[in-house]
Amino acid sequence: DQQVKQNSPSLSVQEGRISILNCDYTNSMFDYFLWYKKYPAEGPTFLISISSIKDKNEDGRFTVFLNKSAKHLSLHIVPSQPGDSAVYFCAASEYGGSQGNLIFGKGTKLSVKP
Amino acid sequence: ETGVTQSPTHLIKTRGQQVTLRCSSQSGHNTVSWYQQALGQGPQFIFQYYREEENGRGNFPPRFSGLQFPNYSSELNVNALELDDSALYLCASSFEAEETQYFGPGTRLLVL
């Protein structure tokens, strides 16, 4: 049973527009959520995280929103750039980001077209 | 500062063989986690080592085993390889105060 779900396998966006990637989870014990970006032939690269005590975290062009009652989080990228084209993974943990196991979704492939 | 490195980058084995994958942690990190990423899936947690002790294990059989050395580098050993073990194996290192785990580039294993 998948505890972290990314229901959109792919997303295509025009350069300069907003990209919105979505993630749903089922385990109410998750207290920390992370987004990773992965290029082919590379390992996942950390983008941004959010603790369950917050509902928004912002870092430059990247903003993560958390809706605990809906068990839903989203990553907004504004403005989108062609270099953002990659697979984006949502991950969740019961024990923070550095310790314990991270539970990943299947990923969403983002394509940003010039 | 050197990031997480893994070796080898690619490996081909036959069913029933054994394999050892290696990981060097990022400097200052005392925790290493291993993940398996099958094609089209997200990474799946295998186990984690903290200061040379196993600190958690995912839903993988005992033929998946590991070690962490005093310098915090790590090995993943898989015995009696099966075709379904074909995957990208990712190592991630971290320190307690960090907000995330840092991943290496992975080892791609193909079992024929």
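Coordinates for the structure precede this section.
Residues numbered from 1 in each chain as written. Chains lettered and ligands numbered in written order. Predicted model: local features only at pLDDT ≥ 70, side-chain atom pairs only at ≥ 80, totals over all residues. Heavy atoms only, no water.

Some thoughts on the overall build of chain A
Worth spelling out the cut-off: The helix and strand labels rest on DSSP assignments: H or I over at least four residues marks a helix, E over at least two residues marks a strand, and numbering proceeds from the N terminus. Each radius of gyration reported is based on C-alpha atoms, and the globular scaling rule is 2.2 Å times the count of residues to the power 0.38. Only protein chains enter the area calculation, which uses a 1.4 Å probe; residues under 20% of their type maximum are buried, those over 50% are exposed, and those in between are partly exposed. Throughout, a residue-residue contact means that at least one pair of heavy atoms, one from each residue, lies within 4.5 Å. Computed with the Shrake-Rupley method and a 1.4 Å probe, the accessible areas treat only the protein chains shown as cover for residues.
When you go through chain A residue by residue, the secondary structure sums to 0 helices and 11 strands. Taking 2.2 N^0.38 as the reference for a compact globule, 114 residues should give roughly 13 Å; the C-alpha atoms of chain A span a radius of gyration of 13 Å, in line with that estimate. With respect to the three principal axes, the spread of C-alpha positions in chain A is 40 × 30 × 25 Å. Sorting the 114 residues of chain A into buried and exposed places 46% on the buried side. The contacts of chain A with a sequence gap of at least 6 include a subset with a gap of at least 24, amounting to 54%. Working note: accessible area of chain A is about 5,400 Å², and carbon and sulfur atoms make up 49% of it.

Side note on the environment of Glu98(B)
One can find Glu98(B) in the loop between β9 (87–94) and β10 (102–103). Excluding residues within four positions of it along the chain, Glu98(B) makes contact with Ser98(A) and His29(B).

A closer look at the side chain of Ser74(A)
Residues and elements named next belong to chain A. Test applied: Whenever a nitrogen or oxygen atom comes within 3.5 Å of another N or O atom, the pair is scored as a polar contact, on the condition that within protein one atom can donate a hydrogen and the other can accept it, and that pairs from neighbouring residues in sequence are kept only if both atoms are in side chains.
Take Ser74: it is sitting in strand β8 (residues 72–77). Owing to a relative accessible area of 7%, Ser74 belongs among the buried residues under this scheme. Polar contacts involving the side chain of Ser74 include one to the side chain of His76, which spans 3.4 Å. Beyond its immediate chain neighbours, meaning those up to four positions away, Ser74 contacts Ile20, Leu21, Asn22, Trp35, Thr63, Val64 and Phe65.

So, the interface of chain A and chain B
To be explicit about the condition: We define buried area as the total accessible area lost by two parts upon association, computed with a 1.4 Å probe and summed across both. The rule for a salt bridge is simple: a side-chain nitrogen of Lys or Arg has to be within 4 Å of a carboxyl oxygen of Asp or Glu. Classification used: nonpolar for Ala, Val, Leu, Ile, Met, Phe, Trp, Tyr, Cys and Pro, charged for Asp, Glu, Lys and Arg, polar for all others including Gly.
Counting residues at the interface gives 20 residues for chain A, matched by 23 residues for chain B. In total, about 1,600 Å² of surface goes out of reach between chain A and chain B, with carbon and sulfur atoms giving 53% of it. The interface formed by chain A and chain B contains 0 salt bridges. On the surface where chain A and chain B come into contact, there are 3 residue pairs in polar contact (both at pLDDT 80 or more). Those elements that place two or more of their residues in the side of chain A that touches chain B are β4 (32–38) and β5 (45–51) of chain A. Along the lines of polarity and charge, the residues of the side of chain A that touches chain B split into 9 nonpolar, 8 polar and 3 charged.

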